[in-house]
Amino acid sequence: MAKIVLIGFPGSGKTTVGKKLASRLSLPFFDTDSHFEDKYCISIPDFFQKYGETYFRICERAVLEELLNLETDSVIATGGGLPCYRDSLDLINEKSLSVYLKMSSSSLVTRLSSSHRVRPLIREMSLPELTNYVETTLISREIFYNRAQLIYKGENMVIADLVSALVSAGYKKRE
Ligand code: S3P
């Protein structure tokens, strides 16, 4: 399998880990969120405000299909909700080696509360609201995340160890 797709909750480090992993494997890196913003020429917060979440899910699915259909091997980081809609996780599992970057809800709350990135679904939440959102949403999303082919703990992760785990899970770079 020559594509690697990282899935997980917002704040779990998919983009940072994805970039490092891609550089370690000498593969191109794609991020569905930034690809979305380039393709539709609008920021995700503005898109949510103008068109709403339902239409966002339709468009992010189109972005996923586009990236999975590229001929090139790659590392792809996905938006946190993306694998939880329609059959997107089945598609990811069919076309790539999927990795769930798993983090505890308390780590996620700590990271999200100190992040400067605007995330439309959690913007302007107080700490108790954010904690409640992360705990409840993580439970429903893990039904999907846990179907990844590799589940890897995101806290204190070492890229070389992730590469070894990927190889053990059957990852082979295409020659
Ligand atoms: C979302 C997560 C975001 C982005 C959008 C919706 C979600 O991506 O796709 O704001 O549903 O949790 P990150 O996981 O990169 O924050």
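Within each chain, residue numbers correspond to sequence positions counted from 1 in written order. Local features in a predicted model are, by the rule used here, given only for residues with pLDDT of at least 70; side-chain atom pairs are given and counted only at 80 or more, and totals for whole chains, interfaces and linings are based on all residues. Water and hydrogen atoms play no part in the side-chain values, which are based on all heavy atoms of the structure.

## What about the site of the ligand?
Put simply, the rule is: Note on terminology: near, applied to a residue and a molecule or strand, indicates that one of the residue's heavy atoms is within 4 Å of it. Any pair of N or O atoms that falls within 3.5 Å is considered a polar contact. Within protein, one atom must be able to donate a hydrogen and the other to accept it, and sequence-neighbouring residues count only if both atoms are side-chain atoms. For the accessible areas, the method is Shrake-Rupley and the probe is 1.4 Å, while residue cover comes only from the protein chains on display. Polar here means any residue outside two lists: the nonpolar Ala, Val, Leu, Ile, Met, Phe, Trp, Tyr, Cys and Pro, and the charged Asp, Glu, Lys and Arg; Gly therefore counts as polar.
For the ligand, the set of nearby residues contains 14 residues, the closest of which are Lys14, Asp33, Arg57, Gly80 and Arg119. For the ligand, an oxygen atom lies 2.6 Å from a polar atom in the side chain of Lys14. One of the backbone nitrogen or oxygen atoms of Gly81 is found 3.4 Å away from an oxygen atom of the ligand. Protein chains shield 96% of the accessible area of the ligand, which is 390 Å² for the free molecule. Considering only residue class, the shell around the ligand consists of 5 nonpolar, 3 polar and 6 charged.

## A short note on the nonpolar core
Test applied: We define the nonpolar core as a collection of buried residues of types Ala, Val, Leu, Ile, Met, Phe, Trp, Tyr and Cys that are connected through side-chain atoms lying within 4.5 Å of one another. For every residue, the accessible area obtained with a 1.4 Å probe (protein chains only) is divided by the maximum for its type, and the residue is called buried under 20%, exposed over 50%, and partly exposed between those limits. Under the scheme used here, helices are H or I runs from DSSP no shorter than 4 residues and strands are E runs no shorter than 2 residues, and both carry numbers assigned from the N terminus. Two residues qualify as a contact provided that any one of their heavy atoms is within 4.5 Å of a heavy atom in the partner residue.
Ranked by size, the top nonpolar core spans 32 residues in total, and within it Ile7, Phe9, Phe36, Leu68, Ile92, Val134 and Tyr145 carry the most contacts. At the level of elements, strand E1 (3–7), helix H3 (44–51), helix H4 (53–69), helix H5 (88–95), helix H6 (105–113) and helix H7 (127–145) are the ones that each hand at least two residues to this core. At 6 residues, the largest contribution of residues to this core is made by H4. For Ile7, the residues in contact, after removing those within four places along its chain, are Lys14, Thr78, Pro83, Leu89, Ile92, Val99, Tyr100, Leu101, Tyr145 and Ala148. Counting 20 residues, the second largest nonpolar core, distinct from the first, contains Leu97, Val163, Leu166 and Tyr171.

## Here we look at the pattern of salt bridges
Here is the rule: Only one rule defines a salt bridge in this text: a Lys or Arg side-chain nitrogen within 4 Å of an Asp or Glu carboxyl oxygen.
Evaluation of the coordinates by the stated rule reveals 9 salt bridges. A salt bridge links Glu60 to Arg57; its shortest N-O distance comes to 2.7 Å. Placement of the pair is Glu60 and Arg57 together in helix H4, with a separation of 3 residues, close to one helical turn. Between Arg61 and Asp87 there is a salt bridge, with its nearest N and O atoms 2.6 Å apart. Linking Arg61 in helix H4 with Asp87 in the loop between strand E3 (74–77) and H5, this pair joins segments that are 26 residues apart in sequence. Arg61 sits in the buried class, given a relative accessible area of 8%. The exposure class of Asp87 is partly exposed, given its relative accessible area of 37%. Salt bridges sharing common partners tie together Glu53, Arg57 and Glu60.

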